[in-house]
Amino acid sequence: MKTLQGRWVRSVLLSAAVALVSTAAHGAVNEESAAIGVLPEEEFVDDTATRAPSTPGLMWSLDPQWRSGPALRIPKAMLAQTSEPPAPASTKTPPALLPEFGARKSYAIPAMEILGFDFLVNRANKLFTNSGDYDVSVGSIRQNLRSSWANDNDPFSVNQFAHPYQGSMYHGFARSAGLSYWESAAYTFAGSAAWEIAGETTRPSRNDQVASGIAGSFLGEALFRMSSLVLEHGDGVPRHWREIIAAAISPSTGFNRLAYGERFDPIFSSRGAAYYSRLQVGLSSATHNVQGTSTADKRTELLVDYSMEYGLPGKPGYEYTRPFDYFHFQATASTANVFENIQTRGMLLGKTYDEGHNFRGIWGLFGSYDYISPQTYRISSTALSLGTKAQRWLSQSIAVQATALVGAGYAAVGTIRGTGVSDYHYGVAPQALLGFRAIFGEKAALDVTAREYYVSQVGGSTGGHDNIARADVSFTVRVHKQHSIAVKYLWNRRDATFSFLGNGTQERATVGIFYSYVGHDRFGAVDWR
């Protein structure tokens, strides 16, 4: 076994330590010297209300800017002992002079940050595991360069969660340095390959390359967009708290903003995307449970669920010209199994369409990363799909939204707490998703989502296949302002067929009640009428 189960936690903590490596990079690529200064809060300029709207192709920064050159600066509000009087209003930077996102992008900085991050992850794994798998040398690198790629047998959570999260760090380093999505995706893919060849002594694994190099970009872009949205829309939250929240969402983005000051201060603009977010906390209990070969069985669990849809169709003037201008993200933490699910899907290429006055939609090519683990089985998939997202107004206050995706990916599936940590297998996986939301004005919403995965033996290591089905239904009622109550039913089933094991079934159904903090914008309905 090569890696600890807790490797994803270290990936987050180690992002701050990359400063030791990237500080040297800063000196190599930036001709201006860094300085440390304390500026009063008034030296930040938030001109969101006064800035002219962005034009097509331009991405305006809506965030406060520093007055002087690249430096590591600390806002006054973060230092309780400072008591200097506020600076005169005349010192504020004129909005017209604020740079666009990517105006001072760097190709060298994220490359050195990714290599430095890989080095630190290697050293941390060596320290905590004392495994020879991390005794990298020139000889081991040469051997890996000559070796054929295979599937490794690391624990499921390492391969299917820690590796995508590690890839999201690569993507965030490049994205926050001003690079485009596709440029950052190339950095992510290259960073993953560098780890497979020079991060470990074992043979390079193609499953890790898919998880880190491809799923990492899908996850990383969603995290980068959400982090940028926090910075862009203050909503009355002090700047330093927005910076902290944004860094928690995308640590590599937060690191670059801290380490390189004004150079990477401009914020990636959402261009006014319509979005809907929801936070739920509640208890869920099993009503039906067929464990199969799994030894896991906690009938009641506490769940914390967060979801966001970004770039909902129908917003006047909003265009889908960049990858992930529409995306969906969801993550559910569980007391029974740490993460019950992590899912993200974004439109890579696509167009809008409409029919009459009451119907708007988008369609195109989507990239997705799914991690689902409902106590009995677990599945993770990285896929490309053709799909659509649309909304129709049925009346003045009632709207319906629909999602449909069909495609194929590379998936891993297995039993939770079965015979061993490597009790899972890989295969090419055709898959489909159908989603529906009925929105009843400001009062209530009904959500239904169904998905299916067929994990074949193509591209896998075992002679068998799995059929995974998952459906959830939730009904949310607004109680007061953004406070709501939701009831959710969740059903999961796995049918496995293997020549040497026979047929097996795992099934679980739960019902839960949740407190929900929802958006105030009609549960995500976009009104273009």
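In what follows, the structure referred to is the one given above.
Let us look at the structure shown here. (Residues numbered from 1 in each chain as written. Predicted model: local features only at pLDDT ≥ 70, side-chain atom pairs only at ≥ 80, totals over all residues. Heavy atoms only, no water.)

Looking only at helices and strands, the protein features 9 helices and 14 strands. Out of the 529 residues in the protein, the part that is buried amounts to 54%. Contacts in the protein between residues far apart in sequence, at least 24 positions, make up 71% of those at least 6 positions apart. In the structure as shown, the protein presents an accessible area of about 21800 Å², 64% of it carried by carbon and sulfur atoms. (Helix = DSSP H or I, 4+ residues; strand = E, 2+ residues; numbered from the N terminus. Buried < 20%, exposed > 50% of the residue type's maximum accessible area, 1.4 Å probe, protein only. Contact = heavy atoms within 4.5 Å. Areas by Shrake-Rupley, 256 points an atom, 1.4 Å probe, with all protein chains shown as cover.)

Another point: the pairing of strand β7 (residues 359–372). For β7, the buried fraction is high: 11 of the 14 residues fall into the buried class. Inspection of the sheet shows strand β6 (residues 338–354) paired to β7 by 13 bridges, in the antiparallel sense. Across the sheet, residue Leu 349 finds its bridge partner in β7, namely Leu 365. The hairpin formed by β6 and β7 contains 4 residues between the paired strands, and Gly 356 there has a positive phi angle of roughly 70°. Between β7 and strand β8 (residues 377–393), which pair antiparallel one after the other, the connecting turn spans 4 residues, and Gln 375 there sits at a positive phi close to 75°. (Pairing = 2+ DSSP bridges.)

Moving on: helix α5 (residues 156–176). The end-to-end C-alpha separation of α5 is 30 Å, in line with the 30 Å expected for 21 residues at 1.5 Å each. At Ala 162, α5 shows its largest bend, some 30°, and a proline, Pro 164, comes one to four positions later. Along α5, 21 of the 21 residues are buried, which leaves the element largely enclosed by surrounding structure. The positive-phi residue at the C-terminal boundary of α5 is Gly 178, with phi of around 95°. (Expected span 1.5 Å × (residues − 1). Bend = angle between axes of the 7 residues up to and from the residue.)

Residues of helix α8 (residues 239–249) that are buried include every one of Arg 239, His 240, Arg 242, Glu 243 and Ala 246, and no others. Down the axis, α8 shows its buried residues gathered within 155° of arc, on one side only. (Arc of directions from axis to C-beta.)

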